[in-house]
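# Structure assessment
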Amino acid sequence: MTFLDQSHRQLPTGAAKILHLNWAIILLLCAIASTGFLMLYSVANGSFDPWASRQMVRFAAGAVVMLIIAMIHIRFWRAMAPLAYGGSLILLVLVEFFGEVGMGAQRWIDLGFIQLQPSELMKIALVMMLALYYDWLDPDKVSRPQWLIIPLLLILAPVALVLTQPDLGTAILLAAGGGVVMFLAGVSLWYFGAAIGLGAGLVTLVMQSRGTSWQLLKDYQYRRIETFLDPSTDPLGAGYHITQSKIALGSGGLSGRGFMEGTQARLNFLPEKHTDFIFTTLAEEFGFVGSASLLIMFTLVVVFAMTSALRNRDRFGALLTAGVGATFFFYFSVNMAMVMGLIPVVGVPLPLVSYGGSAMLVLMAAFGLLQSAHVHRPR
Amino acid sequence: MTRRGLLLLGAQLSLIAGLGYRVRQLQVEEADRYRMLAEENRMNIRLLAPGRGLIFDRNGVPLAENRQNYRVVMIREQAGDVEAVLDRLARLIPLPEDRRERVLREIRQRSAFVPVTVTEHLSWEEISRVASNAPALPGVLPEVGLTRHYPKGTASAHLVGYVGPVSERDLAAQESPDPLLQIPDFQIGKTGIEVRLEGELRGSAGASQIEVNALGRVMRELDRREGVPGQDLHLTIDGGIQEYALRRMDGQSAASVVMDVNSGEILASASAPSFDPNAFVFGISFDNWNTLLNDPYRPLSNKAVSGAYPPGSTFKMVVALAAIEAGLVTPDETVYCPGHYQLGDRRFHCWRSGGHGHMNLRDSLKQSCDVYYYDVARRVGVDAITQMANRLGVGVRHDLPLPAISEGLTPTREWKQRRYNEAWLVGDTINVGIGQGFMLASPLQLAVMTARLATGRAVEPRLIRARNGVPEPIPGAPDLGIPRAALEQVRVGMHAVVNDRRGTAYRSRIADPEVEMAGKTGTSQVRIITPEERARGVFRNEDLPWNRRDHALFVCYAPFDNPRYAVATVVEHGGGGSAVAAPIARDILMRTLYGPVPPLAAYPPDERQEIERRRAEEPAPEAPAAPTQTGRA
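Conventions we followed
Residues numbered from 1 in each chain as written. Chains lettered and ligands numbered in written order. Predicted model: local features only at pLDDT ≥ 70, side-chain atom pairs only at ≥ 80, totals over all residues. Heavy atoms only, no water. UniProt positions renumbered as here; feature names shortened; annotations may be inferred. Helix = DSSP H or I, 4+ residues; strand = E, 2+ residues; numbered from the N terminus. Buried < 20%, exposed > 50% of the residue type's maximum accessible area, 1.4 Å probe, protein only. Contact = heavy atoms within 4.5 Å. Areas by Shrake-Rupley, 256 points an atom, 1.4 Å probe, with all protein chains shown as cover. Buried area = accessible area lost by both parts, 1.4 Å probe. Salt bridge = Lys/Arg side-chain N within 4 Å of Asp/Glu carboxyl O. Nonpolar A, V, L, I, M, F, W, Y, C, P; charged D, E, K, R; others polar. Pairing = 2+ DSSP bridges. Axes fitted to C-alpha atoms, helices over the stretch in contact; angles between N-to-C directions. pLDDT = per-residue confidence, 0-100. Parallel < 35°, antiparallel > 145°, perpendicular 65-115°, else oblique. Expected span 1.5 Å × (residues − 1). Patch = residues over 30% accessible without salt bridge, like charges linked within 9 Å, V, L, I, M, F, W, Y side chains within 5 Å. Phe/Tyr/Trp six-rings, centres within 6.5 Å; stacked < 30°, edge-to-face > 60°. Lys NZ or Arg CZ within 6 Å of the ring centre and 35° of its normal. Disulfide = S-S within 2.5 Å.

In the annotation of an unreviewed UniProt entry, the entry for chain A reads Peptidoglycan glycosyltransferase MrdB, and the organism field reads Halovulum dunhuangense. According to its UniProt record, chain A has this under Pathway (unreviewed entry): "Cell wall biogenesis; peptidoglycan biosynthesis." On record in UniProt, under Sequence similarities (unreviewed entry), the comment for chain A is "Belongs to the SEDS family. MrdB/RodA subfamily."

## A few points about the overall build of chain A
The secondary structure content of chain A amounts to 15 helices and 3 strands. Across the 379 residues that make up chain A, the buried fraction comes to 54%. The long-range share in chain A, meaning contacts at least 24 apart out of those at least 6 apart in sequence, stands at 73%. About 15,700 Å² of surface is accessible on chain A, with carbon and sulfur atoms providing 69% of the total.

## Re the overall build of chain B
Within chain B, the secondary structure is distributed over 25 helices and 21 strands. In chain B, which comprises 633 residues, the share counted as buried stands at 52%. Approximately 28,400 Å² of chain B is accessible, and the part contributed by carbon and sulfur atoms is 50%.

## Points about the interface of chain B and chain A
The interface is formed by 34 residues belonging to chain B together with 47 residues belonging to chain A. Taking both partners together, chain B and chain A bury about 3,500 Å²; carbon and sulfur atoms supply 71% of that area. On inspection of chain B and its partner chain A, the count reaches 1 salt bridge. Here A:R257 ties to B:E39 by a salt bridge, and the two come within 3.1 Å at their closest N and O atoms. Looking at which element gives the most residues to the side of chain B that touches chain A, the answer is helix α1 (residues 2-29) of chain B, with 19 residues. Its residues assigned to classes, the side of chain B that touches chain A comprises 19 nonpolar, 7 polar and 8 charged.

## A short note on the sheet that holds strand β21 (residues 565-571) of chain B
Residue and element names in this part refer to chain B. Within the open sheet, the 5 strands sit side by side as β12-β11-β21-β20-β19. Their pairing is antiparallel. Two strands in the sheet have a free side with no partner beyond their single neighbour: β12 (266-272) and β19 (518-524). Recorded for the sheet is a direction-independent mean angle of 5° between the axes of neighbouring strands. Pairing analysis gives 7 bridges linking strand β11 (residues 254-260) to β21, with the strands arranged antiparallel. The residue bridging D260 from the neighbouring strand is Y565, located in β21. Packed onto the sheet, helix α21 (residues 443-455) meets β11, β12, β20 (551-558) and β21 and runs at close to 145° relative to β21. Where helix α24 (residues 577-594) meets the sheet, it contacts β11, β12, β19, β20 and β21, and its direction lies at approximately 35° from that of β20.

## A word on the environment of B:A255
All names here are of chain B. With respect to the helices and strands, the residue A255 is situated in strand β11. Separated by 48 residues in the primary sequence, A255 and K303 place their C-alpha atoms 5.7 Å from one another. Excluding its chain neighbours within four sequence positions, the residues that come into contact with A255 are M249, A270, S271, K303, A304, P443, A568, T569 and V570.

## Focus: the confidence of the model for chain B
Residue and element names in this part refer to chain B. Across chain B, the average pLDDT comes to 88, with 95% of residues at or above 70. Confidence drops under a pLDDT of 50 for residues 623-633, and excluding neighbours within four residues, the segment shows 22 contacts in the predicted structure. Among the prediction metrics, the complex's ipTM stands at 0.88, with pTM recorded as 0.69.

## Observations regarding the packing of helix α13 (residues 278-311) of chain A against α1(B)
With their axes 11 Å apart at the nearest point, α13(A) and α1(B) run at an angle of 180° to one another. In terms of orientation, α13(A) and α1(B) fall into the roughly antiparallel class. Among the residues forming the contact of α13(A) with α1(B), the class breakdown is 15 nonpolar, 8 polar and 1 charged.

## Some thoughts on helix α3 (residues 23-43) of chain A
Helical geometry note: an α-helix holds 3.6 residues per turn, so side chains three or four residues apart project in the same direction. With 21 residues, α3(A) should cover 30 Å at 1.5 Å per step; its first-to-last C-alpha distance of 30 Å lies within 8% of that length. Backbone geometry just downstream of α3(A) places A:N45 in the positive-phi region, at approximately 60°.

## A look at a nonpolar patch on the surface
Among the surface-exposed residues, A:L202, A:L205, A:W214 and A:L216 lie close enough to one another that they form a single nonpolar patch of about 410 Å² accessible area. The topology assignment puts A:W214 in the loop between α9 (189-208) and α10 (219-229).

## Looking at the UniProt feature "transmembrane region" (unreviewed entry) in chain A
Residue and element names in this part refer to chain A. In the UniProt entry, the feature "transmembrane region" (unreviewed entry) is given for residues 20-44, 56-74, 80-99, 146-164, 171-192, 286-306, 318-346 and 352-370. Secondary structure across residues 20-44 comprises 84% helix and 0% strand; the distance between its end C-alpha atoms is 38 Å. The span residues 146-164 is 84% helical and 0% strand by assignment, and the distance between its end C-alpha atoms comes to 28 Å.

## Observations regarding the packing of aromatic side chains
Scanning the model with the defined rule gives 29 aromatic pairs over all chains in all. These aromatic residues form a ring-pair network of at least three members: A:F298, A:F328, A:F329, A:F330, A:F332 and A:F367. Here the guanidinium or amino end of B:R4 rests over the ring plane of A:F183, the centre of that ring lying 5.0 Å away. Against the face of B:Y506 rests B:R509, its NZ or CZ located 3.8 Å from the ring centre.

## Notes on the sheet that holds strand β1 (residues 43-48) of chain B
Note: strands within a sheet are paired through backbone hydrogen bonds, in either parallel or antiparallel orientation. Residues and elements named next belong to chain B. Taken in spatial order, the 3 strands make up an open sheet running β1-β8-β9, and their pairing is antiparallel. Of all strands in the sheet, those with a lone pairing partner are β1 and β9 (218-225), marking the two edges. Each strand axis lies, on average, 30° off the axis of its neighbour in the sheet, ignoring direction. In the packing of helix α2 (residues 31-42) onto the sheet, contacts are made with β1, β8 (206-212) and β9, and the angle to β1 comes to roughly 45°.

## Examining the environment of B:E125
Note that B:E125 resides in helix α6 (residues 124-132). Owing to a relative accessible area of 59%, B:E125 belongs among the exposed residues under this scheme.

## Focus on helix α8 (residues 168-185) of chain A
Residues and elements named next belong to chain A. Here α8 contains 18 residues, and its C-alpha end-to-end distance of 26 Å stays within 8% of the 26 Å for a straight helix at 1.5 Å per residue. For α8, the buried fraction is high: 14 of the 18 residues fall into the buried class. Within two residues after α8, G186 carries a phi angle of roughly 105°, on the positive side.

## With respect to the pattern of salt bridges
Residue and element names in this part refer to chain B. According to the stated counting rule, one finds 43 salt bridges over all chains in the structure shown. One salt bridge in this structure joins E29 and R24, with 2.6 Å as the shortest N-O distance. With a relative accessible area of 36%, R24 lands in the partly exposed category. Between R298 and E572 there is a salt bridge, with its nearest N and O atoms 2.3 Å apart. With a gap of 274 residues between them, R298 in the loop between α13 (286-294) and α14 (303-306) and E572 in the loop between β21 and α24 connect regions that are remote in the sequence. The network of salt bridges with shared partners includes R52, R148, E194, E198 and R202.

## As for the state of the cysteines
Residue and element names in this part refer to chain B. All told, the structure shown has 0 disulfides over all chains when counted by the stated rule. Cysteine C350 shares no disulfide, and the gap to the nearest cysteine sulfur, in C337, comes to 4.0 Å. A disulfide-free cysteine, C369 has its sulfur positioned 3.7 Å from the sulfur of C337, the nearest such atom. Assessed through its relative accessible area of 0%, C369 is described here as buried.

## Some details on unusual backbone geometry
With omega at 0°, the peptide bond leading from A:D49 into A:P50 counts as cis. For A:P50, the position within the fold is in the loop between α3 and α4 (52-71). Each neighbour pair has its own omega, and for B:A558 with B:P559 the value is -10°, a cis peptide bond. Position of B:P559 relative to the elements: it lies in the loop between β20 and β21. One non-glycine residue, B:S368, adopts positive backbone phi at about 55°. Tracing the chain through its elements places B:S368 in the loop between α16 (361-366) and α17 (370-380).

Below, the structure written as structure tokens:
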């Protein structure tokens, strides 16, 4: 109690908390989101309608949510972790039965005003829950096998549910986010080696299952993997995405074709130009200068998040901050690697830039938690 | 936690570095390659068809022109309710049910933004109706294209030919096909000058560089380079003479060639019957095609240059010249004609069974005595005769830009050996002496022969007068090297044929003493009347079915003193040259010399009444279509 009381005394109160926010991250988020507005304006052929305007409204709403969350003490959010996790898990189950089917996957619950993706909520809830668990767990016990069962179950339950939607990309990112928290909590590296070996075995199994009665992935997912390995086999079908995406990136050159001059996006050669493939438009119109700048901004967010985590002596806050940062890192790096043709097309948006409702709100909420942990860190 | 945190950050940063490296690779190192691919993506080249070269006659009267083809196209995405719009359109222009079905089918298959042709060849009134009702017809666009039209129709059909859609065979025939041929609706020459001078008439493609989106929709035109239109051609043909010649041969299967003896220019090359080339431009119906194909008068064949007929007696000048040049015949030397010529046990008949008596060169031509030429040909031999024939342009391929030009045939000993594996017989030479046997010549060759007889020079026929308005040079015709005296003797004979009261073509003479005509009749047997037929009483041509009757031929030139024009006429299975071919050739020659209305005084007195009567029936003998006349030029 003394620890808490002391820290409480040292904490800023009211408006003073605003000054203690991690402004570097906030400014970077604003810059990244603005880049997104610019690109959405461009891919709509110089129009705020239909994407840029709505995205701006969502970002503004997300910013308000972020600030509100940031102002509330981290202890509250720590207490909320089981509720957030449990609620998200229930929603993931519900989506199995009531979800809206779109693009071959069952992902959304239509709440009328918003199409909620429970898997988005789970991204942050899982990190919260694991941070809570390892905050609670005696550090000596972290690497003991019996104490691995609970976190593994916490991770596998939502991953399994998301896989059945099916949404391979989100499932991988959930597992990766959880893995990062476990890694930072000090779980022995041997386990990670074993997990990677198990994962590799699982991938082999999944690939072997094609065409059998116990087939684990949808046919289109197999095709995506095949196409990724050799896009030329299907230049007009699945390989079209990655081919056109690389053309857009490459043709941007060093300095780009200029704002709204990207022919690949403007002439609709780019698929999903306003969502998952939005980075290619930026790369085409602003070239290497533009894409490197965006990459640097993303990197700085990760760096500031990690430094904030490393300075935070509150174990829950530190793990949560690192978890949010890592999730953010995974999102943009998987998206970029995907559009550059380094990994298969898995349907992961570029955080803050891609057009999307719940992803934006959840991400801003996550950064709200990060800010709360930052503001309310022990001093 | 700190150690692992730094480790994690390090791992993240190195992965980001990997991404950065990849971006650099794509955007800096491979940028050129991808930029090219992006351009390939968005750019399309659309070919622009050049205007096809026009074809005129020698006076600038169009023989082949490009007419505006008004058509209506429809774009589905702008039309909305396609059926309703078609209904409204059908109230303005004729739109048959089957056509409507086809449009509906096509418009559903194509992308929404691709224009589909609804109907074409509309009149100006029809297209105006469509244009003025535009607000009620969304997605309907009046358009104008170019299609070939032949104003002179039948008169120019065999010469100018016609164009048609590109066929698979046309494509296969070319080594590296012109990309233009891939343009839908593009038309190329199918016959006549249109096909032989295709390269000059077609021109070269223009290109429009357009930006397309991923669906192929045209976004905008980036660049446009107009094509080079094809060359305009002025033919040596006089449209008026050409039309007249065709009309004069109406009802016959015949051909006439009119040639300027000095320049070699072909003023008319008519083949009857003819056909309407305009019917071919948009695809002729199967029935019409079959009718043309099965017509025994062969309207599709250009008999003037492709036909090959035994020249008959019109060949006698060749034999005479060969003999005079060989020194075997003098003008005064006579041959006795008893009505037949005996060679061993074979008897060769003269057309006049009673015989001509003693014949000299002039009389032998004038009365076309066969026995004279049997005798002379035998003395000269086939070699000298064929050599002379070739010098005069018979049995030689004349290079005109027309398809299927006949080479005719001047038989030689080697030819017979090769063709029939038989030795040449004296009887063969005797047959050649009267232009029969194996001899074959086209009307064009006969015209060339006549022109060379009239001038003594190796005149070559020409059909192109100017390209793109630049006159073609007329090469001087070299002298044939035939002694003037020899030519003079033959010409005197040809003069007598027409102007001597006992000449075979006396009834077809030109009475105008200023413009005397010289000529030679010919009647060539298609087959020999067999002794059995003789026994059955078949003597006269008229008793035979049409396709076995004799060909009627006449060659002539005028004026006699200062030759300008030569005419050769062949009437297939027409009967006698003097009765059938000579009047036609004479009339065409008069039309050439005098223009549309030759003076009555130029006709022989016994024909004048008939001519007057005909002119009274047709008050305007020829519409003043041709702006200038060349007859007196």
